[in-house]
Amino acid sequence: AVVNYLTLLGWQSGDDQEFFTVDELMDRFSLDQVHKRDTVFDLQKFQWLNGQHIARLSEENLLDRVLPFLVKTGLVTEEYGRHRRDYLAAVIALLRERCRTLTDFAEQGRFFFVDEVEYDPEGVRKNWMTDPQQALFRLQWLHDGFADLRSFDAEDAEGELRRLAETNGLKAAQLIHPCRLALTGATAGPSLFHLIAVLGKERVLIRLHRSIRFMETPVDGSSSAV
């Protein structure tokens, strides 16, 4: 990505293509296409281009590159990386389109590796506290509905959530947003239904139960769901 971007600062390819592998640059680069001009190093564009190179790495190559950053941040150990490669591969596959640097995987994927997530305060205010009692009902419906599923893949999770929404006269988004906050602590991220499948049924139910307990916790002597 560094070679790719630095090449673009002074070289004109003759078309609109911006992503190049080193081999492609070796075939196409020519000094007579290099021109003197005022050049701006656009960090956002560089990060975008780096993300394009990340997206094209093989699953194994990307996993090996990301793992040291997960270890460095304390989310996993090297032993974990050796024994849970299938889980790590699933997490990385879900995040790769959203990540522009290797450090992004540790930042955006933290909720996959911790026992408890921290809820974004603004997300709590918007998705739970505008109508605490209704939010409590919705979290309980999700918990009980997911608990009854025999299989637990993305398709099953989506089907159950949409069934719950229809049964209770809601739009799917009115369950999706509270559910995402309960499971990840955030208001945005990768596909909810695919991350549910990766987390697995046990952890999904534990986190939904924790969110229910959070909403039931007394605040200044009264229930937060009142």
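The present account deals with the structure reproduced in this document. Every value quoted in this text rests on a predicted model; they were computed, and no experiment measured them.

Conventions we followed
- Throughout this description, residue numbers start from 1 for each chain and increase along the sequence as written.
- Per-residue local features of the predicted model are confined to residues with pLDDT of at least 70, and side-chain atom pairs are confined, for both listing and counting, to 80 or more; whole-chain, interface and lining totals are unaffected and use all residues.
- As a rule here, side-chain values come from all non-hydrogen atoms in the structure, and water together with hydrogens is ignored.
- To define a nonpolar core, start from buried Ala, Val, Leu, Ile, Met, Phe, Trp, Tyr and Cys residues and group those joined through side-chain atoms within 4.5 Å.
- Buried, partly exposed and exposed residues are distinguished by accessible area as a fraction of the type maximum, computed with a 1.4 Å probe on protein chains only: under 20%, between the cut-offs, and over 50%, respectively.
- Secondary structure counts use DSSP, requiring at least four H or I residues in a row for a helix and at least two E residues in a row for a strand, with both numbered from the N terminus.
- The contact definition used throughout considers only heavy atoms, calling two residues in contact when any of these lie within 4.5 Å.
- Interaxial angles span 0 to 180 degrees and are taken between N-to-C directions of axes, which are lines fitted to C-alpha atoms, for helices over the stretch in contact.
- Roughly parallel covers angles under 35 degrees, roughly antiparallel covers those over 145, roughly perpendicular covers 65 to 115, and oblique covers all other angles.
- The handedness criterion is simple: a crossing whose near helix is rotated anticlockwise from the far helix by less than a right angle is left-handed, and one whose near helix is rotated clockwise is right-handed.
- Residues were grouped as follows: Ala, Val, Leu, Ile, Met, Phe, Trp, Tyr, Cys and Pro as nonpolar; Asp, Glu, Lys and Arg as charged; and all remaining residues, including Gly, as polar.
- For this analysis, a polar contact is any N or O atom pair within 3.5 Å, provided that within protein one partner can donate a hydrogen and the other can accept it, and provided that sequence-adjacent residues contribute only side-chain to side-chain pairs.
- A helix is expected to reach a length of 1.5 Å times the quantity of its residues less one.
- To pair, rings of Phe, Tyr and Trp, with the six-membered ring standing in for Trp, must have centres within 6.5 Å; the planes then decide the type, stacked if under 30 degrees apart, edge-to-face if over 60, and tilted in the middle.

## Concerning the nonpolar core
- In terms of nonpolar packing, the biggest core is built from 58 residues, with Phe112, Phe146 and Ile196 touching the most fellow members.
- In terms of residues, this core owes the most to one element, helix α6 (residues 85-95), which gives 7 residues.
- In this structure phenylalanine 146 touches Phe152, Ala157, Glu160, Leu161, Cys179, Ile196, Lys201, Val204, Leu205 and Leu208, once residues within four positions along its chain are discounted.
- Grouped together as the second largest cluster of nonpolar side chains are 9 residues, Tyr5, Leu8, Trp11 and Leu25 included.

## Here's the deal with the packing of helix α9 (residues 132-147) against helix α13 (residues 201-216)
- Look at α9 against α13: their axes get within 9 Å of each other, and the N-to-C directions meet at 160°. With respect to α13, the element α9 is oriented roughly antiparallel. When you trace α9 past α13, the crossing you get is left-handed. Packed against α9, whose contacting residues are Pro132, Ala135, Leu136, Leu139, Gln140, Leu142, His143, Phe146 and Ala147, the element α13 presents Lys201, Val204, Leu205, Leu208, His209, Ser211, Ile212, Met215 and Glu216 at the interface.
- Here the contact of α9 with α13 is composed, by residue class, of 12 nonpolar, 4 polar and 2 charged.

## A look at the environment of phenylalanine 113
- Looking at the element boundaries, phenylalanine 113 is found in the loop between α7 (102-108) and α8 (121-127).
- Each C-alpha atom, one on phenylalanine 113 and one on glycine 14, is 46 Å from the other, the two residues being 99 residues apart in sequence.
- Those residues in contact with phenylalanine 113 that lie beyond four places of it in its chain are Leu70, Leu75, Val76, Tyr80, Tyr87, Leu88 and Val91.

## A short note on the side chain of asparagine 4
- Looking at where asparagine 4 falls in the secondary structure, it is placed in helix α1 (residues 2-10).
- Given a relative accessible area of 2%, asparagine 4 falls into the buried group.
- Polar contacts involving the side chain of asparagine 4 include one to the main-chain carbonyl oxygen of glutamate 18, which spans 2.9 Å.
- In contact with asparagine 4, other than residues within four places in its own chain, are Glu18, Phe19, Phe20, Leu25, Leu49 and His53.

## Considering α9
- In a regular helix each residue adds 1.5 Å, so 16 residues correspond to 22 Å; α9 covers 22 Å between its end C-alpha atoms and thus fits that length.
- Tucked into the core, α9 has its buried residues touching α8, α10 (154-167), α11 (173-184), α12 (192-199) and α13.

## Digging into the packing of aromatic side chains
- Here the structure, examined in full by the defined rule, presents 13 aromatic pairs.
- Aromatic side chains tyrosine 5 and phenylalanine 41 sit 5.0 Å apart centroid to centroid with 75° between the ring planes, which places their arrangement in the edge-to-face category. With a gap of 36 residues between them, tyrosine 5 in helix α1 and phenylalanine 41 in the loop between α2 (22-28) and α3 (43-55) connect regions that are remote in the sequence.
- Ring geometry for tyrosine 5 against phenylalanine 46: centres 5.4 Å apart, planes inclined by 35°, an arrangement best described as tilted.

## Remarks on α3
- The end-to-end C-alpha distance of α3, which contains 13 residues, comes to 18 Å, matching closely the 18 Å that a straight helix rising 1.5 Å per residue would cover.
- Listed as buried for α3 are Phe46, Leu49, Gly51, His53 and Ile54.
- Structurally, α3 contributes buried residues whose contacts are with α1, α4 (59-72) and α7.
- Where α3 begins, one side-chain oxygen reaches toward the backbone nitrogen of glutamine 44, 3.1 Å away; that side chain belongs to aspartate 42.

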